[in-house]
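Residue-level structure breakdown
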Amino acid sequence: MRLLFRFMGFLFAAGTIVFLVGVAAVAGLIWHFSKDLPDYSQLQNYEPPVMTRVHASDGSLLAEYSKERRLYLPIQAVPKLVINAFLAAEDKNFYEHGGIDYSGMARAALLYAQNFGSNRRPQGASTITQQVAKNFLLTNEVSFARKIKEALLAMRIERAYSKDKILELYLNEIYLGLGAYGIAAASLVYFDKSVNELTVAEAAYLAALPKAPSTLHPVKNRDRAIERRNYVIDRLLENGWIKQADAETARKAPLVVTSRANGSHTFAGEYFAEDVRRDLFERYGEKKLYEGGLSVRTSLDPKLQVEARKTMVKGLVTFDEAQGWRGPVTKLDISGDWGLKLADVKSLSDISPWRMAVVLETSDQSARIGFQPGRELGGAVSKGRQTGIITLDGVRWAKAASGPTRFKTPTTVSQVLSPGDVIYADPLIGKDGNAVEGQYRLRQLPEVSGAMVAMDPWTGRVLAMVGGFSFDQSQFNRATQAYRQPGSSFKPLVYSSALDNGYTPSTVVVDAPIEIDQGQGGGVWRPENYSTGKYYGPTTLRNALQRSLNTVTVRLAQDIGMPLIGEYAKRFGVYDELPNYLSYALGAGETTVMRMVTAYSMFANGGKRIKATLIDRIQDRYGHTIFKHDQRECRGCDAPGGWKNQPEPQLVDRREQVLDPMTAYQITSMMEGVVQHGTATVVREVGKPIAGKTGTTNDEKDAWFVGFSPDLVVGIYIGYDKPRNLGRGATGGHLAAPIAKDFLKLALAGKPAVPFKVPAGIKLIRVDAKTGMRAGPGDGGRTILEAFKPGTAPPDNYSIIGVADADGHAVGVSPDADRAVIRPGTGGLY
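Criteria and cut-off values
- Residues numbered from 1 in each chain as written.
- Predicted model: local features only at pLDDT ≥ 70, side-chain atom pairs only at ≥ 80, totals over all residues.
- Heavy atoms only, no water.
- Pairing = 2+ DSSP bridges.
- Helix = DSSP H or I, 4+ residues; strand = E, 2+ residues; numbered from the N terminus.
- Axes fitted to C-alpha atoms, helices over the stretch in contact; angles between N-to-C directions.
- Contact = heavy atoms within 4.5 Å.
- Phe/Tyr/Trp six-rings, centres within 6.5 Å; stacked < 30°, edge-to-face > 60°.
- Buried < 20%, exposed > 50% of the residue type's maximum accessible area, 1.4 Å probe, protein only.
- Lys NZ or Arg CZ within 6 Å of the ring centre and 35° of its normal.
- pLDDT = per-residue confidence, 0-100.
- Polar contact = N/O pair within 3.5 Å; in protein donor to acceptor, adjacent residues only side chain to side chain.
- Salt bridge = Lys/Arg side-chain N within 4 Å of Asp/Glu carboxyl O.
- Expected span 1.5 Å × (residues − 1).
- Bend = angle between axes of the 7 residues up to and from the residue.

**Side note on the sheet that holds strand S1 (residues 52-55)**
Two modes of strand pairing occur in sheets, parallel and antiparallel, and in both the strands are linked by backbone hydrogen bonds. Pairing within the open sheet is mixed, and its 5 strands lie in the order S2-S1-S5-S18-S19. Strand pairing shows two members of the sheet lacking a second neighbour, strand S2 (61-65) and strand S19 (625-628), which therefore form its edges. Taken over all neighbouring pairs, the strand axes of this sheet differ in orientation by 15° on average, direction set aside. Of the strands in this sheet, S1, S2, strand S5 (295-298), strand S18 (615-619) and S19 touch helix H11 (residues 270-291), which is tilted by about 35° from S2.

See below:
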């Protein structure tokens, strides 16, 4: 018995020693791995890379920019269904353990022992807390050392943070495939839904993804993805988190993915979105743009943007088709599966309803075409094949652009199309205005291009912008990056410079041939009116602007001086520096549509300086406003305690006055005359008060129109990217103004016809429309109400010194006749 007690004592002592050694070893192991653990306190101030979202003025999503597509979602905003789905898939005991699930560890250890030496990756037993520790603080290294560190960190994290905080970090950090990080982004990427809209089946699929998103691809590995999704559904049912009927419905649901685009989300808004992206990059840099979670509210009006693109494309296509059919995009061998071959041809994605197609067979009366098939989410070409018919009505416009049959209307379809031709087509519109079922119209990508900008003249907010025919074809934004000669659309700045310095709309200038010695070997410059050889003699400034007379403009510029015009051009932002050459008074300098529209906005708003902007407001990831375009002070807007019969809030506008408001009205009234009686009469069809000016450059390389109503300014130019002649008669009045007319009719539809506001001090006096003289009682001929500033008035009579003879040449003047300017009532020549 004594020996037994001794033996038992020996065992106890040995066990105690072993226990103490084990405890010491474990303590040493914990100490060893704890001494260089990462600082988990950084989780408190965690700022994950979050995508920047850009919205239109109505709140609709315009674009998203990110390196990791992530939207941070507080745990309070995550539906219970989504939380339960992830707990069922990843860690059903999450709210019960202290960071480590010992039963799960035992299962993983048993599997590891069974698979030892098989080179299989060990099964993880990580809790959600351990995954947070690994994802945020450790690496993906497969080792016991990392697992020990992971477990130690998990226990510390559990003591430092609430379960909800840990789950929030996890749900926003995990990678779920297709470039989506976190559940909010994944919900949008896979299903184009917010997390609150997810069904049981959809939530279960997202919860299945953390294990292996690449092997659970919804298209490439659909069966495996459904199997794993259904596993999560079963765990939800097993845990009592969904009902039996919901589980059965979810298991039967197909795995349907609605792909979400990465680029612009507003049709026709690509150029606008890209300019916003460039602006953000310049303001804040790359990291803030792609990771800062900025919320950007832009000035874009989606409805106006669609209308602007629609009318601009129509104008470009109409002009281009008048030049004839240049042939197919390319040729294709249509033997075998033509769809697979056509799918490999690059087509433009942003010109809907145009679609790429290949001609399969032709006859005299029609051609059968096959449309380019789409691609599935995994990149595979869709199996379906769609065909259609192009009849003779669909190619009747396609006159040959060259060759012996140039400009001859085709009499058969086979004259235009051949099998294998790769083309674009869109639905054929019948006489009733509806698409003819199954029939299509031949299209071609226009060679000519151009730009359009629509702006609020009171704030400088850009409401719509078209930078070209197709952003997918060319990312070059012709509205902001293309410097072109504005031609006669620059003349209102010349005339407003004169009006602001003593001239009136009734000032008379001789319209006659003029020669300018340019000096220093520059030769003699002989500017001519667009209608060469036609001159009108003494002409009021109003009539000269209406007819866009070059010789009057040159004489006026010569009289007031180019330095003064350059100062006004700089003040209005059209040019940074204007050379002192008289040709620049005719718009020979280069500028952009955006600059011209901004300048005309200052005419429309009464001469207040504005700065063009695409962005209204920028907020950081926490909702703090870090930029606001409107800097006007609103006194009384933040009154505490609500409305208490205090005075109405007042907007304090400290913007610089760049032009006298009365001058702004005078030039606006003169440009109304351009629309009513001058070179832009097509715009009269809008049926609302519109002022504007056309422009046509030398050799008809560019055609412009810039015009405005009291609350909307629009500017347009058309021209080839490599400037060349547009063709005889291709003027601003014939090309650009009709586009502006179509746009303004849509933009102003349903709005009242508001006249331009007459500023205080302006006198409206009836004058003879031709001579500018005061109209007397019973005066015959056409009279108009002309705007005069205080201290100025139309003359009752004047003697003309410097009239033009029958041939339009100035007579009765001094040898300095090329500077003949006659001011009513002065009888002077200077």
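**Section: the sheet that holds strand S22 (residues 691-696)**
Across the sheet, which stays open at both edges, the 5 strands sit in the order S13-S12-S24-S23-S22 with antiparallel pairing between neighbours. Looking at strand neighbours, the two that pair on one side only are strand S13 (462-466) and S22, the edges of this open sheet. Taken over all neighbouring pairs, the strand axes of this sheet differ in orientation by 5° on average, direction set aside. With 8 bridges connecting them, strand S23 (residues 702-709) and strand S24 (residues 712-719) associate as antiparallel partners. In the strand pairing of S24, Trp-704 is matched with Tyr-717. This element, helix H12 (residues 302-322), spans strand S12 (449-455), S13 and S24 of the sheet and lies at about 30° to S13.

**Describing the packing of aromatic side chains**
To describe a pair of aromatic rings, you give the distance between the ring centres and the angle between the ring planes. For the structure on display, the rule yields 17 aromatic pairs. Each ring, one from Phe-708 and one from Phe-756, has its centre 5.6 Å from the other, and the planes form 80°; the classification is edge-to-face. Taken together, the positions of Phe-708 in strand S23 and Phe-756 in the loop between helix H20 (732-747) and strand S25 (763-768) put the pair 48 residues apart, joining distant regions of the chain. We note that Phe-708, like Phe-756, is buried. By the ring-pair criterion, three or more aromatic residues cluster together here, those being Phe-572, Tyr-600, Phe-603, Phe-708 and Phe-756. Against the face of Tyr-536 rests Arg-547, its NZ or CZ located 4.0 Å from the ring centre.

**Digging into unusual backbone geometry**
With an omega dihedral of 10°, the bond running from Ser-352 to Pro-353 counts as a cis peptide bond. Tracing the sequence through the fold places Pro-353 in the loop between helix H13 (338-343) and strand S7 (355-362). Backbone geometry at Ser-548 places phi at a positive 55°, although glycine is not the residue there. Position of Ser-548 relative to the elements: it lies in the loop between helix H15 (541-547) and helix H16 (550-560).

**A closer look at the confidence of the model for the protein chain**
Per-residue confidence for the protein chain gives a mean pLDDT of 86, with 84% of residues at or over 70. Taken as a whole, residues 799-806 scores under 50 in pLDDT and shows 23 contacts with residues more than four places along the chain or in a different chain. Note that residues 808-830 has pLDDT below 50 and, in this model, 71 contacts with residues that lie over four places away or in other chains.

**Some details on the side chain of Gln-444**
In this fold, Gln-444 is placed in the loop between strand S11 (435-443) and S12. Gln-444 sits in the buried class, given a relative accessible area of 5%. Here the side chain of Gln-444 touches Asp-320 through a polar contact of 3.0 Å, side chain to side chain. At a separation of 3.1 Å, a polar atom in the side chain of Gln-444 contacts the main-chain amide nitrogen of Arg-326. Among all residues touching Gln-444, those that are not within four sequence positions of it are Asp-320, Gly-324, Trp-325, Arg-326, Gly-327, Trp-354 and Trp-397.

**Re the pairing of S18**
Within S18, 4 of the 5 residues are buried, which leaves it mostly tucked inside the rest of the structure. Remark: 5 residues form the turn of the hairpin made by S18 and S19, two consecutive strands paired antiparallel; Gly-623 in that turn has positive phi of roughly 90°.

**Overview of helix H14 (residues 491-499)**
For an α-helix, the turn length of 3.6 residues means that residues three or four places apart are oriented alike. When you tally the buried positions in H14, you get 9 out of 9 residues, the bulk of the element. Residues of H14 that are buried: Lys-491, Pro-492, Leu-493, Val-494, Tyr-495, Ser-496, Ser-497, Ala-498 and Leu-499. In this structure, the buried side of H14 is in contact with H15, H16, helix H17 (562-571), helix H18 (593-604), helix H19 (661-677) and S22.

**Focus on the pattern of salt bridges**
Within this structure, the stated rule accounts for 44 salt bridges. Close ionic contact of Asp-279 with Arg-283 constitutes a salt bridge, the shortest N to O distance being 2.6 Å. Here Asp-279 pairs with Arg-283, and both are found in helix H11, just 4 residues apart, close to one helical turn. We note a salt bridge from Arg-441 to Glu-321, for which the minimum N-O separation is 2.9 Å. Of this pair, Arg-441 sits in strand S11 while Glu-321 is found in helix H12, placing the two residues 120 residues apart along the sequence. You can call Arg-441 buried: its relative accessible area is 19%.

**Overview of H11**
Here H11 contains 22 residues, and its C-alpha end-to-end distance of 21 Å is more than 12% below the 32 Å for a straight helix at 1.5 Å per residue. Taken as a whole, H11 carries its principal kink of about 120° at Gly-285. Considered for burial, the residues of H11 that qualify are Glu-270, Tyr-271, Phe-272, Ala-273, Glu-274, Asp-275, Val-276, Arg-277, Leu-280, Leu-289, Tyr-290 and Glu-291. Those residues of H11 hidden inside the fold are in contact with S1, S2, S5, S13 and S18. Following H11 by one or two positions, Gly-293 adopts a phi angle in the positive range, close to 65°.

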